[in-house]
Amino acid sequence: MNLTLVQTVNMNIRKNPFTTLGMTVVDESPVTLALQQSKMEVSNFTVYYNKFRALADISVMMPANKITAIIGPSGCGKSTLLRSLNRMNDLVPKFHIEGKINLDGQNIYAPGVDVVDVRRRVGMVFQRPNPFPMSIFDNVAYGPRLYGIYNRNVLSEIVERSLKQAALWDEVIDKLNQSGMALSGGQQQRLCIARALAVEPEVILMDEPASALDPISTLKIEELMQSLKEIITIVIVTHNMQQAARVSDFTAFMMINEQRAGTIVEFGPTTQIFINPAHKQTEDYVTGRFG
Amino acid sequence: MIDTMSTVPVANQSKITQYIQPHKGYILRKSLNVSMLVLTGLMSLIALVLLFWIIGYVILRGSQSINLAFLTQTPRPMGMEGGGVLHAIEGTIILSLLASLFAIPPGILAAFYAAYHPNTLLGISVRLGTDVLAGVPSVVIGIFGYALVVQRAGHYSALAGGIVLAIIMLPTIIRTTEEMIKLVPNLLREGSLALGSPEWRTAIKVTLPAALNGIITGFMLGIARAAGETAPLLFTALGNDRFEIGRLLRLGLKSNQPLLTVLNNIIQQPVDSLPLTLYKYTQQPFPERVNQSWGVALVLIVLVLVTNLVTRLWVQYRSAKIQGL
C-alpha cells in the first residue's frame, strides 16, 4: 500500500481536492465548497490500545452538513475511528492517541477539554437500538435534564421537537409515558436518534445504525438522515456499500496495513469513490471483489 | 437389524458409519435412562414432601395458638394462659429494617465498585472478602457485635442486633447486586455516556433501574436470611418481653420529646425477634409456652413468605411496565 501517496492526497485535499487526483480543478464546485467547510478534521491520528496500534496516521475530514460514510472490511478500525470522534474510546483501558481531531478548528483531545461538552456536541447512535428502561418522554428528556433543564414545559417542547426531527412524533404522540422498550426495533432506533438530537448536537455519529433493522425501517432511517443533514453533520460507519452509496456525500475507505493497523486508503466524494476510485483496493472493495 | 446393516458394502459407507452400530446396547441405554429419570424424580419428590411436611406441620400445630390476642398482645407472665408475641413481631420488623438500612446502601456502592473495577486489588478483595464473610458462622458475627457494640454501649439493644444482622446480609447483597449490574448490557451504559452523562449519573439513572429487579430479589434473600437468625441475636438484641413500639411512642410523644429522640430510645432497647422467642419458648417448662412456640414459627414463616410474595409481585409489575406490556 502506498501510504505516502494516501497521506499526500489527504493533506492536499482541502486546499485543492482534485489536483492530486489528476482531475480538473473547479474551485466553485459544490464538492470544493463542501471540503472547505469542514466540521471535523482528523489529522495524523494514531490510536494505541496498550501497545497495539489500532489506527495508523489517519487524516480525513467531515464536511459540515454533509453525510460522510466510513466503509471498509471488518476489523479495519472503522468503529475505532468513529468512537474517537466523540472520545467514547476514553472508556477503554490503556487507550492513548497521537495526532489530533479538530471540531470547528479546536482539538477535542487537547488538555483541558471537557469530555462532557465534546459528547454533547458530537452525539452517537449505536448499532443496536438502546433505549433506556424508562418512558419515551424520559428517554428523550434524559439529555436535556443532564444539562440542567427541569422545567416541564421546556422539556415538552424539546421532546416534541426532537421526536418530530426523528420522524417518530406521529407514531408515539399518544404514548409518551409508555416504556421506550415497548416500541419496534426501527422505532427504538429513531427514539435513540431523537434522544441524541435532544441535546442539539452539531455532529451525529452513527455506528451501523440500520444493521439490526428490517428494510423498511432501514429506509426510514436513511430518509431521516437526508432530512437531518440540513441541521447537522452526520458520520456513518456501514458494512452495507449500497447504503453508503445511497446516503452519503463523502466516503472514506479504510483498510488495515501490513502492521494490522487501520488506515485510510481513499477519501473523496461518494460518486468518485464508487464510480472512479483512484486506488485499486478501493475499486476491488466497492465492486465486491474482496472484503 | 444389525445383520442387515453390516451387509451393506463398506465402500458405500462413510468413515463414521463404519464405526456406528445402530441399536448396540439399546436396551442398556434405555433402561439406564429410565432408571435415572425415576431416581431424579423420586429425589425431587422427597425434597418437596419434606418442604410441605414442615410447612404443613407448622400450620397444623401453630394455627391452634394463633388468634387476635396472639398477634396484638405482649406475653403474659409464665404459667398464665393467653397473651401474644407482638413484641417479637415488632422486634423482627425493627431488626430487619435496621439491618436493611445498614447493609443495603453500602452493599450497593461496594457492588458497583466490584462490578466496574473487577480486576483491581480492591475489586478482587471485595469478591474474596464477601465469599469468606458469607461462610463465617453467624454466632461468630454475634460475638463480634457483642464486643464492638454491646460492650461499648454498656447494654443490649436493637441497634446492636441490626448491625450484626447487616453484617450477615452484606455478602448476599453485594454479590447478587454485582452480578445483576454485570448483566446490564454495556450498550445502555454507553448510550448514556455518549450523551455526555458522567459515570455516576449513568449508574444511578440507567444501570441501577435496569438491574433493580434482580437486585431487589437479592435484598429479599438477604432479609429472609437475617430475619431467621437466632444465635447472633442472643449476644446483641438479647430479648425483651415488654417491648411495644406503640407504648414507647406514646410515652415519648406525651413527654414532648422530639421524634428522633423517641426513635433513638426505641432502637436502644433490647428487643426480641421471632426466632429468638421461638428458641426461648421451646425451653420453657410450661406447655402453653411450647404450644405458643409453634404459633411463633407459623408467624415467622408467613411474615417471610408474604414479604417475598409482595416483592415478587411488585418486581413483576415493574418489569412488565418497563417492557411496556
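Residues numbered from 1 in each chain as written. Chains lettered and ligands numbered in written order. Predicted model: local features only at pLDDT ≥ 70, side-chain atom pairs only at ≥ 80, totals over all residues.

Right, let's talk about the overall build of chain A for a bit. Per the secondary structure count, chain A includes 12 helices and 10 strands. Across the 291 residues that make up chain A, the buried fraction comes to 48%. (Helix = DSSP H or I, 4+ residues; strand = E, 2+ residues; numbered from the N terminus. Buried ≥ 20, exposed ≤ 12 C-beta atoms within 10 Å, placed from the backbone.)

Time to look at the overall build of chain B. Within chain B one finds 15 helices and zero strands. On C-alpha atoms alone, chain B measures out to a radius of gyration of 28 Å, which is more than a quarter above the 20 Å that the 2.2 N^0.38 rule sets for 325 residues. Expressed along its principal axes, the backbone C-alpha trace of chain B runs to roughly 105 × 65 × 45 Å. The 325 residues of chain B split such that 35% are buried. A fraction of 75% describes how many contacts in chain B between residues 6 or more apart in sequence connect residues 24 or more apart. (Rg over C-alpha atoms; globule rule 2.2 N^0.38 Å. Contact = placed C-beta atoms within 7 Å.)

At the junction of the two partners, chain A supplies 22 residues and chain B supplies 18 residues. Listing elements by their share of the side of chain A that touches chain B, those giving two or more residues are helix H4 (115-121), strand S6 (122-125) and helix H5 (136-146) of chain A. Among the residues forming the side of chain A that touches chain B, the class breakdown is 13 nonpolar, six polar and three charged. (Nonpolar A, V, L, I, M, F, W, Y, C, P; charged D, E, K, R; others polar.)

Right, let's get into the environment of B:Asn240. Residues and elements named next belong to chain B. Considering the arrangement of structural elements, one finds asparagine 240 in the loop between helix H11 (231-236) and helix H12 (245-254). Residue asparagine 240 is classed as partly exposed on the basis of its 19 C-beta neighbours within 10 Å. Counting along the chain gives 82 residues from asparagine 240 to alanine 158, while the straight-line C-alpha distance between them is 10.0 Å. Those residues within four positions of asparagine 240 in sequence are excluded, and the remaining contacts are His87, Gln269, Pro270, Val271 and Asp272.

The biggest cluster of nonpolar side chains holds 129 residues, and the ones touching the most others in it are A:Ile70, A:Ala194, A:Leu205, A:Val235, B:Met169 and B:Ala237. Sorting elements by how many residues they give to this core places helix H8 (residues 158-183) of chain B first, with 15 residues. Once residues lying within four places of it in the same chain are set aside, the contact partners of A:Leu205 are A:Leu82, A:Leu85, A:Asn86, A:Val122, A:Gly123, A:Met124 and A:Val235. Ranked by size, the runner-up nonpolar core spans 14 residues in total, among them B:Phe70, B:Leu278, B:Ala297 and B:Leu300. (Core = buried A, V, L, I, M, F, W, Y, C linked by C-beta atoms within 7 Å.)

Moving on to unusual backbone geometry. Positive phi, normally seen in glycine, also occurs at A:Arg260, with a value near 65°. Looking at the element boundaries, A:Arg260 is found in the loop between strand S9 (250-256) and strand S10 (262-269). A positive phi is found at B:Asn256, a non-glycine position, where the angle reads about 60°. With respect to the helices, strands and loops of the structure, B:Asn256 is situated in the loop between H12 and helix H13 (259-268). Residue B:Asn256 is classed as exposed on the basis of its 6 C-beta neighbours within 10 Å.

All names here are of chain A. With six of seven residues buried, S9 is to be regarded as a mostly interior element. Where strand S3 (residues 67-71) lies against S9, four bridges are found, and the strand directions are parallel. If you follow alanine 69 over to S9, its bridge partner there is threonine 251. Summarising the sheet, S9 and S10 pair through seven bridges and their orientation is antiparallel. (Pairing = 2+ DSSP bridges.)

Let us look at helix H14 (residues 274-281) of chain B. Restricting attention to buried positions, one finds in H14(B) the residues B:Leu274, B:Leu276, B:Thr277, B:Leu278 and B:Tyr281. Looking at the buried side of H14(B), the elements it contacts are helix H5 (86-116), H11 and helix H15 (287-323) of chain B.

On to the confidence of the model for chain A, then. Residues and elements named next belong to chain A. Counting all residues, the mean pLDDT for chain A is 87, and 90% of those residues have values of 70 or more. Note that pLDDT drops below 50 for residues 1-20; the model gives that stretch 32 contacts with residues more than four away or on any other chain. In this model, residues 22-26 is a region of pLDDT below 50 whose contacts with residues beyond four sequence positions or in other chains number six contacts. (pLDDT = per-residue confidence, 0-100.)

Here we take up the pairing of S3(A). Residues and elements named next belong to chain A. Within S3, five of the five residues are buried, which leaves it mostly tucked inside the rest of the structure. Neither face of S3 is left uncovered, since the one carrying Ile67, Ala69 and Ile71 and the one carrying Thr68 and Ile70 both have all their residues buried. Relative to strand S8 (residues 233-237), S3 runs parallel, the two sharing four bridges. Paired with isoleucine 67 across the strands is isoleucine 234, a residue of S8.

A few words now on the packing of H5(B) against helix H10 (residues 199-227) of chain B. All names here are of chain B. Between H5 and H10, the shortest axis-to-axis distance is 10 Å and the interhelical angle comes to 140°. Classed by the angle they form, the pair H5 and H10 counts as oblique. When you trace H5 past H10, the crossing you get is right-handed. Across the interface between the two elements, Thr92, Ser96, Ala99, Ser100, Ala103, Ile104 and Phe112 from H5 touch Ala203, Phe219, Gly222, Ile223, Ala226 and Ala227 from H10. Counted by class, the contact of H5 with H10 contains nine nonpolar, four polar and no charged residues. (Axes fitted to C-alpha atoms, helices over the stretch in contact; angles between N-to-C directions. Parallel < 35°, antiparallel > 145°, perpendicular 65-115°, else oblique. Left-handed = near helix turned anticlockwise from the far one by under 90°.)

Residue and element names in this part refer to chain A. Interhelical geometry of helix H8 (residues 185-197) versus helix H9 (residues 215-228) gives an angle of 20° and a closest axis separation of 9 Å. With respect to H9, the axis of H8 lies roughly parallel. The handedness of the crossing between H8 and H9 is right-handed. Contacts between H8 and H9 pair Gly185, Gly186, Gln189, Arg190 and Ile193 from the former with Ser217, Lys220, Ile221 and Leu224 from the latter. Looking at side-chain class alone, the contact of H8 with H9 contains three nonpolar, four polar and two charged residues.

Turning next to the environment of A:Ser156. All names here are of chain A. Within the secondary structure, serine 156 is located in helix H6 (residues 152-165). The class of serine 156 is partly exposed, set by 13 C-beta atoms lying within 10 Å. In sequence terms serine 156 and valine 140 are 16 residues apart; their C-alpha atoms lie 9.6 Å from each other.

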